[in-house]
Amino acid sequence: MSAQTGARIVIVGGGIIGLSIAYHLARRGERDVLLLERNSVTSGTSWHAAGIVGPLRASMNLTKLAIYATELFPRLETETGQSTGYRQTGGFWLARTPERMEELERIAAMGEMTGLHPHILTPPAVRERLPLLNVADLAGALWVDEDGQANPVDICMAYQKGAKAGGVRIEEGAKVTGFSRAGGRVTGVDLADGRHIAAEKVVLAGGAWSRDLGALAGVPVPLQAVEHMYIVTEPVPGLPQPFPIIRDLEGRIYIKEDAGRLVMGGFEPDAKIWDAAGPDGDRPFLELPQDWQQFEPFMEAGLARMPVLAEVGVQHFMNGPESFTPDTAQAMGESPFLRNFFVAAGFNSIGMMSSAGVGRVMAEWVATGEAPMDLWGVDIARFDRASASPRFLAARVKEAVETQFAMHWPYKQKTSARDLRRTPLHEAFAAAGAVFGAPTGIERPLWFAAREAEREVAYSYGAQGWWPMAERECLAIRDRVALIELSPFTKIDVTGTDALAFLQTLASADLDVVPGRVVYTPMLNARGGVELDVTVTRVGETLFRITSGAATRWRDLAYLRRAAEDRGLAVSIHDATSAEAVIGVMGPGSRQLLQSLSSAGLANAAFPFQTARQIDVGPVAVMATRVSFVGELGYELTVAAESAHALHRALVEAGGAFGLAHAGHYALDACRIEKGYGHWSHEIGPEDGPLEAGLGFAVAWEKHGGFVGREALLRQREAGLRRRLAILSVEADEPVLLLHDEPVYRDGRLAGRTTSGARGFRTGLSLAIATIDTAPGAARSALAEGRYEIGVAGRRLPARIHLKPPYDPEGLRLRG
């Protein structure tokens, strides 16, 4: 019989991420923590990391997370007595094209809002800072003061010392071979030596080996290792100190200094897949064979950018495994498929720099069960099981590696491993001219092409090539009627004798309504932030249909199931997303079109706004819900998957008399922004309350029994709001591309940031929804005071604030 031991928290993996989590758990006062490493600490991929610290990331929250490294790394030396090798050097992001400069200027503005100090440089200014660089082909550069470097092994040793001092047990030579589970929870870890270690919570931080380890627990961990290469030169005389970090984005290379030598690596367009379960997978401190043919493009780019490289030899060629995820964002948090099983893996070559912030937030997440900030962009719950398929990953991750330094175009769609998940209406929409994208993994129409030339449009930071098609579709929605694919949205049924009581505790709105009534409601955390943003249809006394966003399907399911389990209530939670199709019939002609096909009464008196009914549409029985995310009279028709084609055919055949069109996802988004409708993870999220978002109408303050987050909202209401959402339009002669995270200025001072942007084709305005700081307790009308500007790529553009939606502000068309 195997010996048994136990720990409250077990961490699997002794690399820089696992050690940082252990260190931060110790800092929190967690005393029953065991870290298991199959070989010796740092022996996986951490030891050969390039050691670059670059806090400016692709989004506000990821940048905030990364900045913590610049605070922690120098502090670790004092705290533990272990040198970390951390130096702030500053760093360049080099650009060869005007388009890349616009990308960098937009990123710089976001960096400024987080407290970093980015600067846009001309080529002569680049040369002045570092004469060793060839700047002849540059359009300019971004310089970030806070860029730096550290020694990854030293950082690991500092984490280890701090963790041990705080009582964490670290066991090397402990190979994990399996996990025990019971009741949908992880309960322990099995080791190769026959031991079983009982655990309340497990954290998987196994680096490139995490996918295979996760599979042992039935948990999909979508990452794939590739061969990642860099060279270390012989000493280069006369290198300035400190030597800055260099990223030549078009050359796909990075360069840094290490003890008078230069380190150069890159991100290739055809990365070599490496199998962590292969014959080399168990070797500690693994080095893979040199591949000069694969590295040759990087060598050529380096010689062109820094000619001094031709004068020194190569001291070492490093080739080691590094893991990447399908969307180049790490996989973190509690798995939606196994409770108390946490993952922190897939760091896309930025694990050392990420380790500080990741360790801090993961420690709190593991200890409390809640993420301490909005981490949806890296939450492992965004992935389904298919995302961890080896064949899918082998195809997608090649593109992910290339994406690291490629242009990050707005609205860019992945091209590899596509067409894996289709809705029942895919062929019907394809025949109507759909151009598909897969923003959440499911193919959906982005726009509809009337001719072949409209199918392929160039990416741009200016006017989008698909704008004319989206405009045509938005005007059809405004003036006639259009069909919109809504099938990817999440559909969850909650049934049982306790269904109403259960949902009432979660929803801020009152769901005790008559069957057939549709209620919009946030579901909050204890801090008053929005965890779910849903509509709830009471189908019957004990049956409720919840509809939420397509991207949050697995997160929302796990949230509801775990909430029901914690309360011990008699409810069943069923995912109906794939079993049903949904067609949006939107526009002033929608009622007439449906009435021509249905025996049901559709007039306002018989079928008012925010109600749902079973009706016939042609030969098909559907659930018709009178709601609209585009702000027009409209209906969402939900039908069994096998009847989806018949429903679409009936609508198209009858639609000619009403000027029927098809509309895509981009038109839908443009319309929702014209109406100021918030989107979870953009306008609202775990750190944003409904009052700030103008959703006070969805808060039933006096509801019997209250709801989660009510006390926090009461405190917020009493103290007064410190920020509010509003809509801004840019006052410019030409359309302006507004995206998100652009700074908003009021009377010349930073006052907020944009959360979403779009071209409003019904209003002709360039629009953004923004969160704007306000004096505590100030009325919403006070937002109208002052002169507004939005920062776009280094320019401050005058903007007008709209306290009501610029399109149909009273909602008359919606309730038509």
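What you are looking at is a predicted structure, and each value in this text was computed from that prediction instead of being measured.

Novice: Just to check I follow, could you spell out the pairing of strand E7 (residues 140-144) for this structure?
Specialist: Each regular strand shows side chains that alternate between the opposite faces of the sheet. Among the 5 residues of E7, 5 are classified as buried, and the element is accordingly described as predominantly covered. Alignment of strand E5 (residues 91-95) against E7, held across 5 bridges, turns out to be antiparallel. Looking at the pairing, Gly91 lines up with Val144 of E7. Where strand E6 (residues 118-121) and E7 come together, 4 bridges link them in antiparallel fashion. Residue pairing in the sheet places Pro118 in a bridge with Val144 of E7.

Novice: Looking at this structure, how should I read the sheet that holds strand E4 (residues 87-88)?
Specialist: Backbone hydrogen bonds hold the strands of a sheet together, and the pairing may be parallel or antiparallel. Pairing is antiparallel across the open sheet formed by 3 strands, whose spatial order is E3-E8-E4. In the strand order of this sheet, the two ends are held by strand E3 (52-53) and E4, each with one partner. Two strands pair when backbone bridges link them, and E4 and strand E8 (residues 148-149) are joined in this way by 2 bridges, in the antiparallel orientation. Bridging from a neighbouring strand, Gln88 pairs with Gly148 of E8.

Novice: For this particular structure, what's the right way to read the packing of aromatic side chains?
Specialist: Geometry of an aromatic ring pair is reported as the spacing of the ring centres plus the angle between the planes. Applying the stated criterion to the full structure yields 25 aromatic pairs. Ring centres of Phe295 and Phe298 lie 5.5 Å apart, and the angle between their planes is 80°; on these two criteria the pair is classed as edge-to-face. Here Phe295 pairs with Phe298, and both are found in helix H7 (residues 292-305), just 3 residues apart, close to one helical turn. Ring centres 6.5 Å apart and planes at 90° place the aromatic pair Trp466 and Trp467 in the edge-to-face group. Since its relative accessible area comes to 8%, Trp467 is described here as buried. Ring pairs connect the aromatic residues Tyr411, Trp447, Trp466, Trp467 and Tyr666, which therefore count as one cluster.

Novice: Quick question: what am I supposed to make of the nonpolar core here?
Specialist: Within soluble globular proteins, side chains that are nonpolar tend to cluster in buried spots. Ranked by size, the top nonpolar core spans 50 residues in total, and within it Ile11, Phe73, Tyr159 and Met362 carry the most contacts. Elements with a contribution of two residues or more to this core: strand E1 (4-12), helix H1 (16-27), strand E2 (33-37), helix H2 (60-80), helix H5 (152-165), strand E19 (341-345) and helix H8 (351-368). At 9 residues, H8 tops the list of elements feeding residues into this core. Apart from the residues within four sequence positions on either side, Met362 is in contact with Ile21, Val203, Met332, Gly333, Phe342, Val343 and Ala344. Counting 47 residues, the second largest nonpolar core, distinct from the first, contains Val435, Val582, Met586 and Leu767.

Novice: Help me understand the sheet that holds strand E37 (residues 788-792), please; the structure alone is not making it clear to me.
Specialist: Taken in spatial order, the 6 strands of this closed barrel run E33-E36-E35-E34-E37-E38, and their pairing is antiparallel. For this sheet the average axis-to-axis angle between neighbouring strands, irrespective of direction, equals 40°. Together, strand E34 (743-746), strand E35 (749-760) and E37 form the strand contacts of helix H3 (residues 98-113), whose direction differs from that of E35 by roughly 140°.

Criteria and thresholds
- Each chain has its residues counted from 1, running along the sequence as written.
- Local features in this predicted model are restricted to residues of pLDDT 70 or higher, and side-chain atom pairs are both shown and tallied only at a pLDDT of 80 or more, whereas totals for entire chains, interfaces and linings draw on every residue.
- With hydrogens and water set aside, each side-chain value is computed from the structure's full complement of heavy atoms.
- Partly exposed describes any residue whose relative accessible area lies between the buried limit of under 20% and the exposed limit of over 50%, with all areas from a 1.4 Å probe on protein chains only and scaled to the type maximum.
- Secondary structure elements follow DSSP: runs of H or I of four or more residues count as helices, runs of E of two or more count as strands, with numbering from the N terminus.
- Whether two strands pair comes down to DSSP finding at least two bridges between them.
- Pairing of aromatic rings covers Phe, Tyr and Trp, the last through its six-membered ring, and needs centres within 6.5 Å; plane angles under 30 degrees mean stacked, over 60 mean edge-to-face, and all others mean tilted.
- Nonpolar cores are built from buried Ala, Val, Leu, Ile, Met, Phe, Trp, Tyr and Cys residues. Side-chain atoms within 4.5 Å join them into one set.
- The contact criterion used throughout is that any non-hydrogen atoms of two residues lie within 4.5 Å.
- As a rule, the C-alpha atoms of each element are fitted with a line to give its axis, helices using only the stretch in contact, and angles between N-to-C directions run from 0 to 180 degrees.

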